[in-house]
Amino acid sequence: GSKENTEPKLPEKKVIVNVPPTSKEIPNKVPYLLIGGGTASFAAFRAIKSHDPKAKVMVITREHQMPYMRPPLSKEIWRNVGSDLKFKQWNGAERSLFFEPDDFYIDPTKLLESPNGGVSIVRGYTVKAIDVSGKKAILSDGTEIEYDECLLATGSEPENLPIFTSASPAVQNKVSVFKTIDDFQKVKKILDESNSVAIIGGGFLGSELACALAKYRDVKKLTVHQIFHEKGNMGKILPEYLSQWSTERVKEEGVNVIPNTQVKSVELESSKVKLKLLDNSSLLVDHVIVAVGSRPDVKLAEESGLEVDNLHGGYLVNAELEARRHLFVAGDAACFFDVKLGRRRVEHHDHAVVSGRLAGENMVGKKKPFVHQSMFWSDLGPRVGYEAIGLVDATLPTVGVFAKHPEIESSTKSDENTETSSTESLPNTDNASFTEATVVQPKTASEIDNYQKGVVFYLKDEKVVGIVLWNVFNRINVARSIIAEAKKYDDLNEVAKLFEIHA
Ligand code: FAD
Ligand code: NAD
Ligand code: NAD
């Protein structure tokens, strides 16, 4: 190599500075103030700018990053990890995690004199309270910022488990939660020097990350264990047979799925983490990632006198997303009134987009209620991709209609707890393997074929309140209009035809 290459390199020291460097430089009065630098805030400033092009919008975020999207962090980003934060989308196009290039934003110290307005991101600062009647946000160092309209988009924080938070510091060093770019960069660095990882949790994050890391293993020789309470992956969302089917697909990705259990004790054993499970078996791993749900960040509530919903968590807002006058909430942190489906809180990307946009529109005075349903999607390896809308909850009765192998045209699968008898259940020879959760059946081609493509209806009071489109894409608008009608149907097979699952 050349001479330069043999020179010892100094370790790169990352100096994190707040922007602007001191809170004195933050404008102390802005027309639009958005608290939180996530997706809901991004959607809100887009909406504000499109209705009020010269608007001056200031975002305050605790993170040191410009606004970015989180979904690729548990999926695409692991497929072509480079030093930049780019990822390849499902259609092959390369894209950045960041919503806008840096030069889209205006330096916060120049926002107020900017003739055409703009959006500024104040980074590294935390808002600790809102003075609602004084229309002021108060930073943790006491700095006050006046606003005309304010959005709370504080999102949610990852949960952890007491068994890990009460463990020794040496164990805690080997346990991570996963939410931010910083978490991704830290975990990636650790896993690049590890042979094994245990992911705790069988929900969205745990399941997606398990699949992504198992493929990453091809490159890095990493064994991925996934441990959770439920009988199968996504057991809180999918009907049991579909959750079981998905679990088989997750295993095919190379994940060692360990369902029906929990971590009973944790200790350090020769520099590895030893996890003891319910059946007294134990696992030795280099690192643990906890993905056991998140809780809405409502830390501002008490000091600001804001109401939190006891059942769903999150700030209580009306259908226009107002907590109080001139104070809106959107995204994960909002417990809102859905005119069609009642009071809800949703922790998904598109909901942050839809609710953030609505809040932005209402901040410029549009007075619109929440009627447009958001959707979400997830994928677990190449055979499982789904989109969903409305209330999708495994405790609701469901009716699933699936495209079948060539000899049978379609199969309908009703849950045991389905209260409707209107849908005929066709005989399904493989049923047994899906009701016996702990039995792993041999993988036959027909079993794999069974649930490749279909639609699942979730019912409440016999009305369709939720829909999962299973490996069916570009039909979410059809599903949205079915949810909007909130009707009882005599034959869901007929409704399923609208989705052209046989196409
Ligand atoms: P957040 O994204 O949580 O952003 C809130 C921001 O506010 C944070 O930066 C926080 O630091 C900051 N903040 C909080 N309090 C304060 C304060 N007091 N002062 C200053 N700043 C504050 N959803 C999907 O639909 N599909 C997916 O595939 C998907 N994948 C995901 C993958 C990962 C790894 C994660 C973590 C989430 C995923 N989600 C997905 C969920 C989705 O990303 C969230 O629902 C969405 O980010 C919520 O946006 P938000 O703006 O409400 O809040
Ligand atoms: P989740 O609620 O989807 O899943 C939580 C999992 O942790 C479940 O399997 C649950 O049983 C388990 N769990 C809960 N308490 C436990 C305990 N005491 N011991 C053991 N296991 C326990 O949440 P998540 O998967 O952690 O995701 C975090 C957030 O990110 C959520 O808001 C989620 O909606 C969001 N997210 C969404 C997507 C998507 O929409 N595709 C993808 C990733 C993340
Ligand atoms: P986008 O600009 O909203 O999303 C950019 C990235 O963010 C995506 O690559 C994804 O990682 C993530 N993301 C955004 N919204 C998400 C959500 N609700 N759930 C999970 N992840 C989310 O949208 P895009 O990337 O241009 O894609 C838009 C459409 O493409 C969606 O309707 C999606 O279902 C569809 N899609 C189709 C296929 C297919 O095989 N035909 C595969 C994946 C996605």
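To start, this report covers the structure provided alongside it. Not measured: the values here are computed from a predicted model. (Residues numbered from 1 in each chain as written. Chains lettered and ligands numbered in written order. Predicted model: local features only at pLDDT ≥ 70, side-chain atom pairs only at ≥ 80, totals over all residues. Heavy atoms only, no water.)

1. A closer look at the sheet that holds strand E15 (residues 272-277)
With antiparallel pairing, the three strands of this open sheet are ordered in space as E14-E15-E16. The outermost strands of the open sheet, each flanked by one partner alone, are strand E14 (263-269) and strand E16 (282-285). On average, each strand axis in the sheet is inclined to that of its neighbour by 20°, with strand direction left out of account. As defined by bridge partners, E14 adjoins E15 across six bridges and the pair is classed as antiparallel. Residue Val266 lies in a different strand from E15, and its bridge partner there is Leu275. (Pairing = 2+ DSSP bridges. Helix = DSSP H or I, 4+ residues; strand = E, 2+ residues; numbered from the N terminus. Axes fitted to C-alpha atoms, helices over the stretch in contact; angles between N-to-C directions.)

2. Regarding the site of ligand 2
Around ligand 2, the surrounding shell holds 19 residues, and the nearest of these are Leu205, Glu230, Gly293, Glu347 and His348. Backbone polar atom of Leu205 to an oxygen atom of ligand 2: 2.7 Å apart, as the coordinates give it. Here Glu208 contributes a side-chain N or O atom positioned 2.7 Å from a nitrogen atom of ligand 2. Summarising the interface, the protein chains cover 76% of the accessible area of ligand 2, which totals 840 Å² for the free molecule. When contributions to the shell around ligand 2 are tallied by element, the ones reaching two or more residues are helix H6 (204-220) and strand E24 (375-379). (Near = heavy atom within 4 Å. Polar contact = N/O pair within 3.5 Å; in protein donor to acceptor, adjacent residues only side chain to side chain. Areas by Shrake-Rupley, 256 points an atom, 1.4 Å probe, with all protein chains shown as cover.)

3. Some details on the site of ligand 3
Of all residues adjacent to ligand 3, which total 15 residues, the nearest are Glu76, Gln89, Arg95, His349 and Glu387. Within the contact set of ligand 3, a nitrogen atom lies 3.5 Å away from a side-chain nitrogen or oxygen of His349. At 3.2 Å, a backbone N or O of Trp377 approaches a nitrogen atom of ligand 3. Expressed as a share of its isolated accessible area of 820 Å², the protein-covered part of ligand 3 is 76%.

4. What to know about the packing of aromatic side chains
Counted according to the given criterion, the structure contains 17 aromatic pairs. With a centroid separation of 3.9 Å and an interplanar angle of 5°, the aromatic rings of Phe42 and Phe99 are classed as stacked. Of this pair, Phe42 sits in helix H2 (residues 39-51) while Phe99 sits in the loop between strand E4 (94-96) and strand E5 (118-123), and the two are 57 residues apart along the sequence. Arranged with centres 5.0 Å apart and planes meeting at 80°, the rings of Trp78 and Phe184 form a pair that is edge-to-face. Remark: Phe184 occurs in helix H5 (residues 181-191) and Trp78 occurs in the loop between strand E2 (56-61) and strand E3 (86-88); sequence separation between them is 106 residues. Classification of Phe184 by relative accessible area gives buried; the value is 4%. Taken together, the aromatic side chains of Phe42, Phe45, Phe99, Phe104 and Tyr105 make up a single cluster linked through ring pairs. The side chain of Arg249 reaches across the aromatic face of Trp245, ending 4.6 Å from its centre. (Phe/Tyr/Trp six-rings, centres within 6.5 Å; stacked < 30°, edge-to-face > 60°. Buried < 20%, exposed > 50% of the residue type's maximum accessible area, 1.4 Å probe, protein only. Lys NZ or Arg CZ within 6 Å of the ring centre and 35° of its normal.)

5. Some words on the side chain of Glu230
Tracing the sequence through the fold places Glu230 in the loop between strand E12 (223-227) and helix H7 (240-252). Setting aside its immediate chain neighbours within four residues, Glu230 contacts Gly235, Lys236, Pro259 and Asn260. (Contact = heavy atoms within 4.5 Å.)

6. Topic: helix H12 (residues 476-485)
Buried within H12 are the following residues: Ile476, Ala479, Arg480, Ile482 and Ile483. For H12, the angular spread of the buried residues around the axis is 160°, confining them to a single face. In this fold, the buried residues of H12 make contact with E24, strand E25 (385-390), strand E29 (463-470) and helix H13 (492-496). Ala486 sits one or two residues past H12 and shows a positive phi near 45°. (Arc of directions from axis to C-beta.)

7. Describing the sheet that holds strand E23 (residues 342-344)
Spatially, the three strands line up as an open sheet ordered E19-E22-E23, and their pairing is mixed. This sheet does not close on itself; its edge strands, each paired only once, are strand E19 (315-316) and E23. Examined bridge by bridge, E19 and strand E22 (residues 334-338) share two bridges and lie parallel to one another. Within the sheet, the bridge partner assigned to Tyr315 lies in E22 and is Ala334.

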